[in-house]
Amino acid sequence: MFGMGWAEIAVIMVVALLIFGPDKLPEIARQAARGIRTVRQMAENAKNDLGREMGKDFSDVDLASLDPREVVRRTFLDDDASPTKPRLNPDVALPSVLPVGARPPFDDEAT
């Protein structure tokens, strides 16, 4: 959980026990659980509101698929033959790489 092992979680629990004491710790845990539940409910309500506002056309849109990191991974790093993945045209020549120290071409008319 969050990159923590059992040792770190145990240390956090012991420190919490020392700070709050055994009598207040259960109430603090209940309040934390209530807060997490409230945040999850707010996120779910926001997602439902967004879906309702966007209408039926966008009801099947997966919001996680719109994450820029996911788009880059799916587009450039996946090896599957998905129809959305851009393919290079074999008839088009790729740009050549300049040798080290060579000056790139400059077009006077382009500036």
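In case you missed it, the structure is sitting above this.
Conventions used here
Residues numbered from 1 in each chain as written. Predicted model: local features only at pLDDT ≥ 70, side-chain atom pairs only at ≥ 80, totals over all residues. Heavy atoms only, no water. Helix = DSSP H or I, 4+ residues; strand = E, 2+ residues; numbered from the N terminus. Areas by Shrake-Rupley, 256 points an atom, 1.4 Å probe, with all protein chains shown as cover. Salt bridge = Lys/Arg side-chain N within 4 Å of Asp/Glu carboxyl O. Buried < 20%, exposed > 50% of the residue type's maximum accessible area, 1.4 Å probe, protein only. Polar contact = N/O pair within 3.5 Å; in protein donor to acceptor, adjacent residues only side chain to side chain.

Considerations on the overall build of the chain
Summing up its helical and strand segments, the chain has two helices and zero strands in all. About 10,600 Å² of surface is accessible on the chain, with carbon and sulfur atoms providing 63% of the total.

A few points about the pattern of salt bridges
Pairing between side chains becomes possible if they bear opposite charge and their charged atoms approach one another. Enumeration over the complete set of coordinates arrives at five salt bridges. Residue Glu70 is joined to Arg73 by a salt bridge in which the shortest nitrogen-to-oxygen separation is 2.6 Å. Of this pair, Glu70 and Arg73 both sit in helix H2 (residues 68-77), separated by three residues, roughly a single helical turn. When its relative accessible area of 24% is taken as the criterion, Glu70 is described as partly exposed. What makes Arg73 partly exposed here is its relative accessible area of 34%. Here the salt bridges do not stand alone but share partners, grouping Glu70, Arg73 and Arg74 into one network.

Overview of the side chain of Thr75
Here Thr75 lies in helix H2. Engagement of the side chain of Thr75 in a polar contact is seen with the backbone oxygen of Val71, the distance being 2.7 Å.

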